[in-house]
Amino acid sequence: MAFLVESFERIQKELSAHNVKLVAVTKTKPVADILEAYNAGHRDFAENYVQELLDKYEALPKDIRWHFIGHLQSNKAKYIAPFIHLIQGVDSEKLLSEINKQGAKIHRVIPCLLQVHISAEETKFGLDEHELDLLMKKMEMNTALWKNISVKGLMGMASFTEDNDLVRSEFKFLKTLFDKYAEFTMSNRAFSILSMGMSADYRFGIEAGSNMVRIGSLLFGTRN
């Protein structure tokens with residue numbers, strides 16, 4: 001299914017009213033659909049798999065702001081380090097260190113979000129509250145070691161469920177963590193992005209305080 005222009009315009013208008021950034025999730029979608037969205041004025045797109053992202057990066061305009069939202073393996077960080085706009089799924093200190101290492105090699109500061117495990121589903125990735133706290137303190141105390149990353153905020157995925165109260169509580173929990181670290185800065189780079197909410201639950205994310213949502217099927221139809 002092609003890019004749904006009317007849905008894009010409606011959602012964009014809704015998000016603009018709340019000052020929320022839309023990231024269009026394009027995994028499995030053809031280049032032609034992404035170009036249609038690009039020609040409609042959109043620039044922030046997201047992929048889950050490194051190879052698919054690399055292929056699309058080569059085929060599409062270079063002013064696209066690419067976000068990586070999947071589980072990134074440390075040994076693949078080097079492939080996207082030169083151009084990625086935001087790595088949203090940093091779920092371990094090991095991965096963060098590798099991104100920092102790759103950034104140093106190419107003299108680039110790479111923006112990241114720390115992914116927090118807020119879901120009742122064990123299959124989802126992310127730091128737990130204790131791991132997040134330890135990592136934040138470590139970065140705060142050793143800023144010189146992390147010169148080539150910029151931790152911009154947090155990302156989380158709620159449970160895939162029809163229990164709306166559960167989803168709301170998970171997003172609310174992530175917002176409390178975000179507020180806890182809102183004053184955190186690394187070399188004067190602001191901790192300012194809270195990415196939560198997808199096609200099925202983005203309104204709950206906005207309700208809880210999200211300022212970035214990741215939407216795919218509402219813009220491009222069901223996944224291939």
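Whatever comes next refers back to the structure up there.
Residues numbered from 1 in each chain as written. Predicted model: local features only at pLDDT ≥ 70, side-chain atom pairs only at ≥ 80, totals over all residues. Heavy atoms only, no water.

## Topic: the overall build of the protein
Item 1. Tallying secondary structure elements over the protein gives nine helices and ten strands in all.
Item 2. Taking 17 Å as the expected radius of gyration for a compact globule of 224 residues, we find that the protein reaches 17 Å, a close match to that expectation.
Item 3. Considering only C-alpha atoms, the protein reaches an extent of 50 × 40 × 30 Å along its principal axes.
Item 4. Per-residue burial over the protein gives 51% buried out of 224 residues.
Item 5. Long-range pairs, those at least 24 residues apart, make up 61% of the contacts in the protein between residues at least 6 apart in sequence.
Item 6. For the protein, the accessible surface area stands at approximately 10800 Å², while carbon and sulfur atoms represent 52% of it. (Helix = DSSP H or I, 4+ residues; strand = E, 2+ residues; numbered from the N terminus. Rg over C-alpha atoms; globule rule 2.2 N^0.38 Å. Buried < 20%, exposed > 50% of the residue type's maximum accessible area, 1.4 Å probe, protein only. Contact = heavy atoms within 4.5 Å. Areas by Shrake-Rupley, 256 points an atom, 1.4 Å probe, with all protein chains shown as cover.)

## Describing unusual backbone geometry
Item 1. Unusually for a residue other than glycine, N19 sits at a positive phi of about 55°.
Item 2. Relative to the helices and strands, N19 is located in the loop between α1 (5–16) and β1 (21–25).
Item 3. Backbone geometry places H107, a non-glycine residue, at a positive phi of 55°.
Item 4. Structurally, H107 can be placed in the loop between α5 (93–105) and β5 (110–116).
Item 5. A relative accessible area of 74% means that H107 is categorised as exposed.

## Some details on the pairing of strand β10 (residues 212–215)
Item 1. Taking every second residue as pointing to the same face, both faces of β10 are buried, with M212 and R214 on one and V213 and I215 on the other.
Item 2. In the sheet, β1 pairs with β10 via four bridges, with the strands oriented parallel. Paired with V23 across the two strands is R214, which belongs to β10. (Pairing = 2+ DSSP bridges.)

## Regarding the packing of aromatic side chains
Item 1. Evaluated as defined, the whole model comprises three aromatic pairs.
Item 2. With a centroid separation of 6.1 Å and an interplanar angle of 45°, the aromatic rings of F45 and W66 are classed as tilted. Note that F45 is positioned in strand β2 (residues 44–47) and W66 in strand β3 (residues 65–68), a separation of 21 residues in sequence.
Item 3. Since its relative accessible area comes to 0%, F45 is described here as buried.
Item 4. On the basis of an interplanar angle of 15° and a centroid distance of 3.8 Å, the ring pair of Y57 and F83 is categorised as stacked. (Phe/Tyr/Trp six-rings, centres within 6.5 Å; stacked < 30°, edge-to-face > 60°.)

The quantities given are spatial measurements derived from coordinates; they are silent on function.
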